Amino acid sequence: MARNARHEMLARPDHDEAARQDFVVALKRGLNRTLRSTNDALYSTLVEPGLRQSGSGAEPTREAIRDAMYALPAYRSWSALNRGAQELMWDAVGAPIRRERARLESTAHRLASQRPAGGSLELNRDFTPPRSVTAVDIHLQPGGYALDLGDGDITAGALYEAGGNHYAFGQGIGRGDSKARHVQRFIAARWPGFAPRRILDLGCSAGSASVPYALEFPDAEVHAIDVGAGMLRYAHARAEALGAAVHFHQRDCTDTGFPDGYFDLIVSHNLMHESPDSTRRAMLRETWRLLAPGGIFVHQDVPLRFAGLPEAKKFELSWDTHNNNEPYWEVYANADLAADLEAAGIPAALAWVGHLPQVEGSLPWFAAAGAKPAS
Ligand SMILES: C[S@@+](CC[C@H](N)C(=O)[O-])C[C@H]1O[C@@H](n2cnc3c(N)ncnc32)[C@H](O)[C@@H]1O
């Protein structure tokens, strides 16, 4: 399934809104694909020689690099524009969602009542989303992932899907294949013939990754969890609109409440880089508890690994932590996933950490995966 699937839960931008959205994508592309590389040249010509000289040739620290780069008007301008482009993006994708809120909510209501695909939605009024999600509007999404404007509200999910598409395309990421499809290809190559009966997608957001599992494994029962009610209402309606039977639940990935050994395929997509160490580690323990004998798990994420990188590269990659409300970006980049898997009780011989095969020039997505012995 293409990552930008069309369906009736998408807001329909009018002419001017579409023009603004196109502008944002072009601006982001220019800032990230073209201008970002000139930052490397600024560093190697204007910053590194001086820092090396004052440090007797030693590799400069990230803090020294940061101070020196932000002292350059050219870098500060790029950084401010990049931040501005992200704010502009949310404004541009939010406009049609706000204008069409009544239509989107009534469409969601109809799809949730009729459930043409046979999925379901379980919200929990007593559930309190974790502070790791509510304390910060991750990558500046207005209101954050757990935004809930009351009964029937779908704003968080609508923003997430529309923002995600523009964010990715602004960086030039292809429309060809979803992250879930990469995981499915990986599973098919590594465990040929695997046919799960129950699947769980952790941290599902708008369900963009959950739906492809329901379509790929139509005989399986597919469950997906997230902490945000507004996200889940949208995900449920979207899945129904796309003909995918997915059972959505408002639950925490560190303590899902499902029985031991309930699932034979457990996945997550881009959850780890938006979680603190404690959540990621607890999520891995929960994965192992939930996995049935013979089951497989694949936690896919961005290819952001700091081990072995020069400090200047780490500085460049950490822009999002400091400017784009990504507090766990560097936490994830520094994480030792193999050690985390072992600490979660998953024997090293049964675990795998590495890059997923690329498809059509896609990002080389990263993953932590493993399989439980059949008996
Ligand atoms: C980057 S988004 C995931 C994107 C999604 N999997 C996809 O492929 O489109 C991270 C999601 O994880 C959810 N999340 C964060 N912490 C969580 C937790 N402890 N339990 C469940 N979901 C969580 C957030 O609410 C957010 O929707």
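Every residue gets a number counted from 1 within its own chain, in the order that chain's sequence is written. Restriction of local features to residues with pLDDT of at least 70 applies here, the model being predicted, together with a cutoff of 80 or more for giving and counting side-chain atom pairs; totals for whole chains, interfaces and linings are based on all residues.

A few words now on helix H1 (residues 15-54). A helix here means a DSSP run of H or I that spans at least four residues, while a strand means a run of E at least two residues long, and both kinds are numbered starting from the N terminus. Each residue after the first adds 1.5 Å to the expected span of a helix. The end-to-end C-alpha distance of H1, which contains 40 residues, comes to 55 Å, matching closely the 58 Å that a straight helix rising 1.5 Å per residue would cover. Along H1, the sharpest kink reaches roughly 45 degrees, centred on Val-47 and followed within four residues by the proline Pro-49. Within H1, the full set of buried residues consists of Gln-21, Val-24, Val-25, Lys-28, Leu-31, Asn-39, Tyr-43 and Val-47. Just beyond H1, the residue with positive phi is Ser-56, at close to 55 degrees. Think of it this way: the bend at a residue is just the angle between two axes, each fitted to seven residues, one set ending at that residue and the other starting at it. Working definition of burial: number of other C-beta atoms within 10 Å of the residue's own, with buried at 20 or more, exposed at 12 or fewer, and partly exposed in between, all C-beta atoms being placed from the backbone.

Turning next to the nonpolar core. Any set of buried Ala, Val, Leu, Ile, Met, Phe, Trp, Tyr and Cys residues joined through C-beta atoms within 7 Å is what this text calls a nonpolar core. Membership of the largest hydrophobic core comes to 85 residues, with the highest contact counts inside it found for Tyr-234, Ala-235 and Ile-266. With six residues, the next largest nonpolar core counts Ile-65, Met-69, Ala-312 and Phe-315 among its residues.

Of note, the phi angle at Arg-115 is positive, near 40 degrees, even though the residue is not glycine. With a phi close to 70 degrees, Leu-140 is a non-glycine residue in the positive phi region. Looking at where Leu-140 falls in the secondary structure, it is placed in the loop between helix H5 (131-134) and helix H6 (155-170).

A separate point is the environment of Ala-80. With respect to the helices and strands, the residue Ala-80 is situated in helix H3 (residues 73-99). It is 32 Å that separates the C-alpha atoms of Ala-80 and Asp-153, two residues lying 73 residues apart in sequence.

This brings us to the confidence of the model for the protein. For any part of a model where pLDDT is low, the fine detail of the predicted coordinates should not be relied upon. Values of pLDDT, ranging from 0 to 100, describe the predictor's confidence in every residue of the model. Per-residue pLDDT for the protein averages 94, and the proportion of residues at 70 or more is 96%. Taken together, the stretch residues 172-176 has pLDDT below 50 and engages in 14 contacts with residues farther than four places along the chain or on a different chain. Throughout, a pair of residues is in contact if the C-beta atoms placed from their backbones lie within 7 Å.

On to the sheet that holds strand E2 (residues 198-202). A pair of strands is labelled paired if DSSP reports no fewer than 2 bridges between them. Spatial ordering of the open sheet is given by E1-E4-E3-E2-E5-E6-E8-E7, a layout of eight strands whose pairing is mixed. Of all strands in the sheet, those with a lone pairing partner are strand E1 (120-122) and strand E7 (351-355), marking the two edges. Sheet twist, expressed as the mean angle between neighbouring strand axes with direction ignored, is 15 degrees. In terms of strand pairing, strand E6 (residues 291-301) meets strand E8 (residues 366-371) through six bridges, oriented antiparallel. Counted as the bridge partner of Phe-297 is Gly-370 from E8. Only the stretch in contact is used when a helix axis is fitted, and all axes are lines through C-alpha atoms; the angle between N-to-C directions ranges over 0 to 180 degrees. On the sheet, helix H10 (residues 277-290) packs against E2, strand E5 (263-269) and E6 and is oriented at approximately 150 degrees with respect to E6.

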